[in-house]
Amino acid sequence: MATAYKLTSKHQVKAYAIDEAVIKTKTGKTAVIAELSGEVPSQYQFFTTDSINHFLRGALYFNTATQNDSLAPVIQFVQKDIIRLLNTLQWQEDIQNHKK
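Rules used throughout
Residues numbered from 1 in each chain as written. Predicted model: local features only at pLDDT ≥ 70, side-chain atom pairs only at ≥ 80, totals over all residues. Heavy atoms only, no water. Helix = DSSP H or I, 4+ residues; strand = E, 2+ residues; numbered from the N terminus. Contact = heavy atoms within 4.5 Å. Areas by Shrake-Rupley, 256 points an atom, 1.4 Å probe, with all protein chains shown as cover. pLDDT = per-residue confidence, 0-100. Buried < 20%, exposed > 50% of the residue type's maximum accessible area, 1.4 Å probe, protein only. Pairing = 2+ DSSP bridges. Core = buried A, V, L, I, M, F, W, Y, C linked by side-chain atoms within 4.5 Å.

(A) View of the overall build of the chain. A count of helices and strands for the chain gives three helices and four strands. Counting helices and strands in the order they occur from the N terminus, the chain gives α-β-β-β-β-α-α. The contacts of the chain with a sequence gap of at least 6 include a subset with a gap of at least 24, amounting to 43%. With the model as given, the accessible surface of the chain reaches about 6800 Å², and the carbon-plus-sulfur share is 52%.

(B) Focus on the confidence of the model for the chain. Counting all residues, the mean pLDDT for the chain is 77, and 73% of those residues have values of 70 or more. Confidence over residues 9–13 falls short of pLDDT 50; this stretch has seven contacts with residues more than four positions distant or in other chains.

(C) Focus on the environment of S51. Here S51 lies in the loop between β3 (42–49) and β4 (55–61). Since its relative accessible area comes to 65%, S51 is described here as exposed. Along the primary structure S51 and K29 are separated by 22 residues, whereas in three dimensions their C-alpha atoms are 10.0 Å apart.

(D) View of the pairing of β3. Along β3, eight of the eight residues are buried, which leaves the element largely enclosed by surrounding structure. Of the strand pairs in this sheet, strand β2 (residues 30–38) and β3 are connected by six bridges, and their pairing is antiparallel. Note that in β3 the partner of E35 across the bridge is Y44. Once β2 ends, the chain turns through three residues before running back antiparallel as β3. What sits between β3 and β4 in their antiparallel hairpin is a turn of five residues, with S51 showing a positive phi close to 70 degrees.

(E) Expanded view of the nonpolar core. With nine residues, the main nonpolar core is built from A31, I33, Y44, F46, L60, L71, I75, I82 and L86. With four residues, the top contributor of residues to this core is helix α2 (residues 68–88).

This is the structure:
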């Protein structure tokens, strides 16, 4: 988890704000979501873990020099997809236990 925080903090050079939120997903997992403001290459980062066997980290990057203000509608759209991904994520063991 320390590496996930370190990767996000690398954007502090350009970010004027990094807002982190800890959420509980619909499947009972804890996730950390970081929303970065400013002209940063990654506007949204997240990770979730079961603290034992699994860890998933993701970051939203756009391969463009376009101003983030212009990308705001797309960023908001993808943020909704990321929240859906986190709310529906199941580790392999979860799926196997559910089938029993």
